[in-house]
Amino acid sequence: MPLLADMNVVVPALPGFPFAIPLGSGMSVNRIAEIVADALAELGYARYTVSGGDVGGTVAEMLAAQHPDRVAALHLTNIAPLRALTTDRAMLAPDAVAYLGRGAHWFRTEGGYIAEQSTRPNTLAVALGDSSAGLAAWIVEKLESWSDDSAFTEDELLTWVTAYWVTGTIGTSFATYVEPATLPGRIDTPTVLSVFPRDIKPEPRSYAEAFLNICDYVEHPAGGHFAAWEQPEAYVADLRRAVQLCE
């Protein structure tokens, strides 16, 4: 945030996550995108650049798809993961097809949490909501394995865990896994894609271009899935590239 002091910045707390409104059931990224769009309109923003990764990145894609007149540009650190399950391989370049093979291997070896969160979220929520040690194990393994070396101090790891523990939101953070998204075939909004080498599934340009209007594809030498936290200067530089696309 201090690196963006010269801009008007809105950082929404997504429903179901710490510091946001509580949820009682699933909520798709499509619905979250509408909530964010309504909030921005209420704040008086008619046109804007949207930046995000992971769930936030998919919400950004949906905002651009559902409100192309409002979203001037996108800055993403990954493509919506659901695309890997719905795309027609025959329409992809060879390196994009190879990427899908690597992604399938990742899902088999690392993606068990996705199946559990999407099919048995309430059972998992009870277990993680009852044990602070279990919650710490669930969150910290991902923070450490999906990031670059020494990205988080012990205090920072505990802060992340505590945010979920005291708000009781670990279960509601599964909401977007419970209610599937409906993705558009392609989004024409000008897009900057930031690629960090330690991210879980960094996409090649050809794969990204199958779904998005990639105007700038930036490969970074360091950083992982939590890029805004790990490499804030690089993240902000790419965000500024996206803002410049619509100036």
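Right above here is the structure, for reference.
Because the structure is predicted, anything quoted here is derived from the model rather than measured. (Residues numbered from 1 in each chain as written. Predicted model: local features only at pLDDT ≥ 70, side-chain atom pairs only at ≥ 80, totals over all residues. Heavy atoms only, no water.)

> Explain the overall build of the protein chain here, please?
Each helix and strand counted, the protein chain has twelve helices and four strands in total. Relative to its length of 247 residues, the protein chain is compact, with a C-alpha radius of gyration of 18 Å against a globular reference of 18 Å. Its C-alpha atoms put the protein chain at 50 × 45 × 35 Å along the principal axes. For the protein chain, the exposed surface amounts to about 12,400 Å²; the carbon and sulfur share of it is 56%. Computed over 15 positive and 30 negative side-chain charges, the inter-centroid distance for the protein chain is 7 Å. (Helix = DSSP H or I, 4+ residues; strand = E, 2+ residues; numbered from the N terminus. Rg over C-alpha atoms; globule rule 2.2 N^0.38 Å. Areas by Shrake-Rupley, 256 points an atom, 1.4 Å probe, with all protein chains shown as cover. Lys, Arg positive; Asp, Glu negative; His and termini not counted. Charge placed at Lys NZ, Arg CZ, Asp CG, Glu CD.)

> Would you explain the pairing of strand 1 (residues 48–52) in this entry?
The side chains of a regular strand alternate, first on one face of the sheet and then on the other. Residues Tyr48, Val50 and Gly52 of strand 1 are buried on one face, while the alternating residues Thr49 and Ser51, pointing to the opposite face, are not. In the classification by handedness, the crossover that spans strand 1, the intervening helix 2 (residues 54–66) and the parallel strand 2 (residues 71–76) is right-handed. (Buried < 20%, exposed > 50% of the residue type's maximum accessible area, 1.4 Å probe, protein only. Right-handed = clockwise from strand over helix to strand, strands pointing away.)

> Is there a simple way to think about the packing of helix 1 (residues 29–43) against helix 2 in this case?
The description of two helices packed together rests on the angle between their axes and the distance between the axes. The geometry of helix 1 relative to helix 2 is characterised by a closest axis approach of 8 Å and an angle of 70 degrees between their N-to-C directions. Relative to helix 2, the element helix 1 is oriented roughly perpendicular. On helix 2, the residues that touch Val29, Asn30, Ile32, Ala33, Glu34, Val36 and Ala37 of helix 1 are Val55, Thr58, Val59, Met62, Leu63 and Gln66. Across the contact of helix 1 with helix 2, the residue classes break down as nine nonpolar, three polar and one charged. (Axes fitted to C-alpha atoms, helices over the stretch in contact; angles between N-to-C directions. Parallel < 35°, antiparallel > 145°, perpendicular 65-115°, else oblique. Contact = heavy atoms within 4.5 Å. Nonpolar A, V, L, I, M, F, W, Y, C, P; charged D, E, K, R; others polar.)

> It is not clear to me how the side chain of Asn30 should be interpreted in this structure. Could you clarify?
Here Asn30 is to be found in helix 1. Exposure remark for Asn30: the relative accessible area of 15% places this residue in the buried category. A distance of 3.4 Å separates polar atoms of two side chains, one belonging to Asn30 and the other to Gln66. (Polar contact = N/O pair within 3.5 Å; in protein donor to acceptor, adjacent residues only side chain to side chain.)

> Could you clarify how one ought to interpret helix 7 (residues 132–145) in this entry?
Given 3.6 residues to a turn, an α-helix orients residues that are three or four positions apart in the same direction. Helix length check: helix 7 (14 residues) gives 20 Å between terminal C-alpha atoms against 20 Å at 1.5 Å per residue, within 8%. Along helix 7, the residues classified as buried are Leu135, Trp138, Ile139, Val140, Lys142 and Leu143. Buried residues belonging to helix 7 abut helix 5 (112–119), helix 6 (121–130) and helix 8 (154–167). (Expected span 1.5 Å × (residues − 1).)

Bear in mind that shape data such as this cannot, by itself, settle questions of function.
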